[in-house]
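Topology and contacts: notes
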Amino acid sequence: MKDLIELLTRALVEHPEEVEVREVEGPEGVTLEIYVAPGDTGKVIGRGGRIISALRTVAKAASVKEGRRVFVEIMA
Amino acid sequence: MTLRESSSTADSTPKSGATGGESPVADETEVLDETAPAEQEPIAEVQMDELADDARDLFQEIISHLDVDAAVGIKAIDDRDIHLDADGDETGGGILIGRRGQTLEAIQLLIATIVGRKTDRRVRVFLDAFGYRERRAESLRQMALEVAEQVRSAGQEALTEPLSPAERRIIHTALVDVEGVATYSEGEEPNRYVVITPSDEGEEPNPESEA
């Protein structure tokens, strides 16, 4: 799940080498924190949040088999 | 589908489409690469082949990450459209397609955006999996015709659930030649939906309206 989000984020940004995704366990599930170069934040969010919302949908699909909730956050 | 009184528009979102007598079908355009200029020469075929290969590889990789057992093929390529199709073990369909196709739509947007970055031209990517699109289209057409019949006999508007631009187009097209009803879209993406309304009381005047 983390690998998939990392792969997609790298493909979306200008500076893939600066992409990092951290998996943080919490009481309600796992949060994937996406870190990108400052200028790339908009690319990961997309107009009207369409890209980040698509990433969340895909992460949710990937989490089905693991049976836990997943949250995806872009860290500014 | 939900029915609402034709007169009670107070709680509805302002409609932003289907104005000035434009065809509601033409209104349902989905801009996947929003940074691309509107007017484009067709992309050279060699380059489209490469982009299609990239799109296919990416779709295949996403499918593997989802633990779905399916193989991706390139169904069609034309001037600016790439159509991909995944087929295999249908037990993975629920995960890959998602509720009302939302996972497939999300993957489609991501692939179109990623592949679109490799070219200045506008490229559109269309994904299908396990024959979902045609099944969905058929059930939408069926539903549209049934609801249109109710709308006509009850004289009340009906609203669809939120639909993607392509899905809304299916509803508009299915009802374009059906007498006594008209359609338009309303609401903001991603919650935009179609209103099916009795055409003799509709907002678009119908010169042939019967009393």
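The structure contained in this document is the topic of the report that follows. (Residues numbered from 1 in each chain as written. Chains lettered and ligands numbered in written order. Predicted model: local features only at pLDDT ≥ 70, side-chain atom pairs only at ≥ 80, totals over all residues. Heavy atoms only, no water.)

A look at the environment of Gly73 of chain B
Residue and element names in this part refer to chain B. Short version of the rule: Going along the chain from the N terminus, every DSSP run of H or I of four or more residues is numbered as a helix, and every run of E of two or more is numbered as a strand. We call a residue buried when its accessible area falls under 20% of the maximum for its residue type, exposed when it is over 50%, and partly exposed in between, using a 1.4 Å probe and counting protein chains only. Note on definitions: a residue-residue contact is assigned when non-hydrogen atoms from the two residues lie within 4.5 Å.
Positionally, Gly73 belongs in strand S2 (residues 70-77). Using a relative accessible area of 28% as the deciding quantity, one classes Gly73 as partly exposed. Sequence-wise, Gly73 and Ala174 are 101 residues apart; in three dimensions their C-alpha atoms are separated by 29 Å. Excluding its chain neighbours within four sequence positions, the residues that come into contact with Gly73 are His83, Leu84 and Asp85.

Points about the pairing of strand S7 (residues 193-198) of chain B
It is a general feature of regular strands that their side chains alternate between the two faces of the sheet. Residue and element names in this part refer to chain B. Put simply, the rule reads: If DSSP finds at least two bridges between two strands, the strands pair.
A large share of S7 lies buried, amounting to six of its six residues. Relative to S7, strand S5 (residues 157-159) is paired through two bridges, and the arrangement is antiparallel. Note that in S7 the partner of Leu159 across the bridge is Val195. Here strand S6 (residues 181-186) runs beside S7; their pairing, made up of six bridges, is antiparallel. Bridging from a neighbouring strand, Glu186 pairs with Tyr193 of S7. What sits between the antiparallel neighbours S6 and S7 is a turn of six residues, in which Gly187 has the positive phi angle 95°.

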